[in-house]
Amino acid sequence: MVRRTSCLLLGLLLHVVPSIALAQSREHTGILVGIVRDSTGLVLPGASVELHILAPSTSVASVPAAADGTFTFTDLPFGRYRLVVTCPGFESSDSPIEIDAAPSSTLTIVLRLSGLEERVSVRASAADVPVTPTLQSPVSRRLIETLPSESVSAGLSSVITLTAPGVAADSNGGFHPLGEHAETSFVIDNQPITDQQSRTFSNQLSPNAIQSLDVITGVPPAEFGDKTSLVVKAITRSGLGVGRPRGALTVGYGSFQTPTASLAAGLGSSRAGNFLSLDGVTSDRFLDAPEPEALHAQGSVFNLFDRFDVRWSPRTTMQLSVSASRSAFETPNTYDQQDAGQDQRQRQHSFNVSPTVTHVLSPHAVVEGTGWVRRDIVDYLPSADLFADQPAALAQHRSLTNAGVKVNVTSTIGAHALKAGVQQTTTWLAEQFRTGLTDPAFNSPSSNSFLPALLPYDLTRGGTFFDFQGDAVVSQWAGYVQDTVSAGPWNVTGGLRLDGYQGLSRAVGWQPRLGATYAIDRTKTVLRGSYGRMFLTPYNENLILASSTGPGGLGGGVLGSVAGAPLTPGHRQQIDAGAQQSVWRGIRLDGEYFWKVTDGAFDFDVIFNTPLAFPVQFRESRADGGLLRVTLPDSHGWQAYATLSHSRSRLFGPALGGLRFGASYAPVARPDHDEALQANTHVEYRTGGGLGFWSGLTWRYDSGLVAVAVRTYEDALKLTGDQQAAMGLFCGDTPATRAQPIRTCASSTFGARRIDIPAPGTEDDDTNPPRIAPRHVVDVAVGLDRLSIGKLPLRARVTVINLFDTVALYNFLSTFSGTHFVTPRTVRVELGVRF
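Figured I'd write up the structure that's included with this text. Source: prediction; values computed, not measured. (Residues numbered from 1 in each chain as written. Predicted model: local features only at pLDDT ≥ 70, side-chain atom pairs only at ≥ 80, totals over all residues. Heavy atoms only, no water.)

## Examining the packing of aromatic side chains
Taken as a whole, this structure holds 10 aromatic pairs when the rule is applied. When the ring of F442 is compared with that of F608, the centres are 5.6 Å apart and the planes differ by 80 degrees; the resulting orientation is edge-to-face. One end of the pair, F442, is in the loop between β23 (416-437) and β24 (466-487); the other, F608, is in the loop between β29 (588-606) and β30 (613-635), and 166 residues separate them in sequence. What makes F608 partly exposed here is its relative accessible area of 23%. Residues W638 and Y685 carry aromatic rings whose centres are separated by 4.7 Å and whose planes lie at 40 degrees to one another, so their mutual orientation is tilted. In this pair, W638 is assigned in strand β31 (residues 638-657) and Y685 in strand β33 (residues 675-686), connecting sequence segments 47 residues apart. Among the residues examined, W638 registers a relative accessible area of 48% and is labelled partly exposed. Counting every residue linked through ring pairs, the aromatic cluster contains F433, Y457, F466 and F614. The aromatic ring of F465 is capped on one face by R434, whose charged end is 4.3 Å from the ring centroid. (Phe/Tyr/Trp six-rings, centres within 6.5 Å; stacked < 30°, edge-to-face > 60°. Helix = DSSP H or I, 4+ residues; strand = E, 2+ residues; numbered from the N terminus. Buried < 20%, exposed > 50% of the residue type's maximum accessible area, 1.4 Å probe, protein only. Lys NZ or Arg CZ within 6 Å of the ring centre and 35° of its normal.)

## Some words on the pattern of salt bridges
Under the defined criterion, the tally for this structure stands at 36 salt bridges. The salt bridge partner of R588 is D590, with a shortest N-O separation of 3.7 Å. Accessibility classification places R588 together with D590 in one group, the buried group. The partner of R711 in a salt bridge is D765, and the shortest N-O contact between them spans 2.8 Å. (Salt bridge = Lys/Arg side-chain N within 4 Å of Asp/Glu carboxyl O.)

## Observations concerning the sheet that holds strand β37 (residues 750-752)
An order of β36-β35-β37 is seen for the three strands of this open sheet, with the pairing classed as antiparallel. The strands lining the two open edges of the sheet, one partner per strand, are β36 (734-735) and β37. The sheet contact formed by strand β35 (residues 729-731) and β37 spans three bridges and is antiparallel. Looking at β37, one finds that L729 is bridged to A752. (Pairing = 2+ DSSP bridges.)

## Comments concerning unusual backbone geometry
Cis geometry is found at the peptide bond from Q390 to P391, where omega equals 0 degrees. Within the element layout of this structure, P391 appears in the loop between β21 (365-381) and β22 (392-413). Residue G653 is joined to P654 through a cis peptide bond whose omega torsion reads 10 degrees. With respect to the helices, strands and loops of the structure, P654 is situated in strand β31. Even without glycine at this site, L178 takes up a positive phi of about 50 degrees. Tracing the sequence through the fold places L178 in the loop between β10 (175-177) and β11 (184-188). Despite not being glycine, F256 has its phi angle at roughly 60 degrees, a positive value. Along the chain, F256 turns up in the loop between β15 (243-254) and β16 (258-268).

## A few points about the sheet that holds β11
Overall, mixed pairing links the five strands, which are arranged β8-β13-β14-β11-β12 in an open sheet. Each of the sheet's edge strands pairs with one partner strand only, and the pair in question is β8 (135-139) and β12 (191-193). When the angles between neighbouring strand axes are averaged without regard to direction, this sheet yields 20 degrees. As paired strands, β11 and strand β14 (residues 230-236) are joined by five bridges and run parallel to one another. (Axes fitted to C-alpha atoms, helices over the stretch in contact; angles between N-to-C directions.)

## Details of the state of the cysteines
Linking two cysteines covalently through their sulfur atoms gives a disulfide. For the structure on display, the rule yields one disulfide. Here C731 pairs with C745 through a disulfide, and the sulfurs are 2.0 Å apart. What sets the handedness of the C731 and C745 disulfide is the S-S torsion sign, and at about 90 degrees it is right-handed. Here the residue C731 occupies a position in strand β35, and C745 occupies one in the loop between β36 and β37, the gap between them amounting to 14 residues. Exposure remark for C731: the relative accessible area of 14% places this residue in the buried category. (Disulfide = S-S within 2.5 Å.)

## Some details on the nonpolar core
Generally speaking, nonpolar side chains in soluble globular proteins are found buried as a group. Grouped together as the largest cluster of nonpolar side chains are 35 residues, with contacts concentrated most on F433, L545, I607, L612 and F614. Put simply, the parts of the chain that give this core at least two residues each are β22, β23, β24, β27 (525-536), α5 (543-546), β29 and β30. In this structure L545 touches E431, F433, F466, F468, F614 and L659, once residues within four positions along its chain are discounted. (Core = buried A, V, L, I, M, F, W, Y, C linked by side-chain atoms within 4.5 Å. Contact = heavy atoms within 4.5 Å.)

## What to know about the pairing of strand β25 (residues 490-502)
Inspection of the sheet shows β24 paired to β25 by 13 bridges, in the antiparallel sense. The partner of T484 across the bridge, within β25, is T493. Where β24 hands over to β25, the hairpin turn is made up of two residues, of which G488 adopts a positive phi near 60 degrees. In this antiparallel pair of consecutive strands, β25 and strand β26 (residues 506-520), the connection spans three residues.

## Some words on the pairing of β26
Summarising the sheet, β25 and β26 pair through 13 bridges and their orientation is antiparallel. Each bridged residue has a counterpart across the sheet, and for D499 the counterpart in β26 is G509. Sheet topology note: the β26/β27 ladder contains eight bridges and is antiparallel. By the bridge assignment for β27, L514 is matched with Y531. The turn linking β26 back onto β27 is made up of four residues, and K524 within it adopts a positive phi angle of 55 degrees.

Below, the structure is given as structure tokens:
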């Protein structure tokens, strides 16, 4: 069915190409999309935006910024222009820009109040961003389109991993922000999403629908709540003001029999516009595999996104966004599971509807209201033969429906930028889960690791299935107020947020936030610091079952009612300190140190190598680290950025909830999102004319996540031959294989190629844990944006992921993630039609 659906989609898109070709009327025109903000990040509706030919200086067009601060110019001949932006009470900007065939970026124009030094950004990829107390990483549409994606199934997660500091890469496009497992909030066109958006939890928004991202690390302003280690603000693509239909149709094919197809099209006048995005992919390596070879790893995903905008009046704008996704994929097998005939699979269906109304109350005040309904349905299916599932049969059906409303009011009064808002959400949860042990050796009574609590569910010893069914309703509300004051070199932001949570437990949390920046104009330095208290709610995914297992999870032997051991909201104290320094020719250094302590910290238990994850709560967590981002502005076609990060994370037991087939955690543990060093470097070059040639190179270094399953070499000797071969275990010149595991080693030379095991007698779960071996992964992409066949404008691209075919692990037998190998060398070729 997956193959037939993919062929139908590709056939449909290929038949559309001729009709699009007939519609071509202009080959060498571009589009300019931007947004006007003040130095605090607030939009400036009504700002005058004028476009001039660079020489001679002649006005081409003029538009006011819309209620959401955006502006659009279409059908612009390629060339250089001047962009002039003015707004009462603010310094004007006058900056050169270039329109070419490169994918359109959202230009960010930042104005300072009159009398203060002006800071302007005319490219989303440029060095200048609004001066805020937190480190921010802007991601333009151009970067989204050119950045090589290391995940075929989770492109948005991959973009975040490769652009933001403080993000540790994990399997299946997952990432760990600032020492936390998955504590990320997405704000998509003012709609907050705090539920999990990684590939194995939900169908995330396709990058094809996104115009720009702004990734915030550190203490966020009071408008952001709940899961805030990383806040990703996304602006979707719009057809408002585009004019005639514009977009691209792209098809491609890659390694592991991976066909792709996408359509992005926008059209509209200055009063109404629509943008439509369709894309799909199938692959024989849809998820990362627990072996170097992809076994039983086929999957597919299809996404639809549509955004309709209407300007009812110069003061009122309405936006309606609709998205729907479907994915189906197999759970990758180990060699042993493949031999047993395991055939576990997962299906996910998602949809989201979100209307937004924005009204300009005055030249300096805007009110914005957003409502939404979002639903995820997930089915995990066992093999037809239950005993083919090793070491346990697993089945699940769960649904999550989230509905809410959010209203914000922003206003600038003199030196003050005020913002206040309220939010209410309701989440309906339903869970069904079944499991039973199918491997007699997994929990043998003769083993030292035998867990009596699992014996009733051991199907090989007369046990029965563990069956669970439950539902719950979680209600949350929040209100906040914040004010940013600019006075001379100072920029101070203060706010207060109040959250209420009523689900399986109840709590209320007051959250003061305070941040400040100090600009030293003589040295082009900005110093900043911030403090915040955060109110953290439990993860909704599989919350009901996790709240019923009690201390120690399922393996701990406590199975009571839901009311017996619910996961409760946590509280965090966080302090950040950083600096921003502009150096030679606009190069910017942006560094930050973070420190946070959480009472009631959350994580996940993952069952074996499956996508099934259950929230677990620890008594306390402590995390700190350093972040650095270096940004090089566009110069003679070259631009680049680099990030360096260090994250240190510690969990303190006892742990509550979760679901795992193993012993309890150590009293003090380093989770697998603790990593000493992560580094990203992206370099891009574009020519100014000709065929529109561009190239990009991304280098990612990871020093290695914690791997506590093999604390010592003796622990590794007890693993199966398959597991030993995966970690690269060796004794002298003899490597472990599936057929010949290593049980003893008399050689003085022993270890593992893919895991750094501490020297004998030095392992400590807290201070010297075992880690995944360091790895370097290099990705490259090259493209031509100005190809043509007759009057048919084309784009071509070739991407190579893992250029040097590095064989490495993301994780190994991790309670939090399982075992997964890094994507091997993968080649993808794409051909697109621009219209």
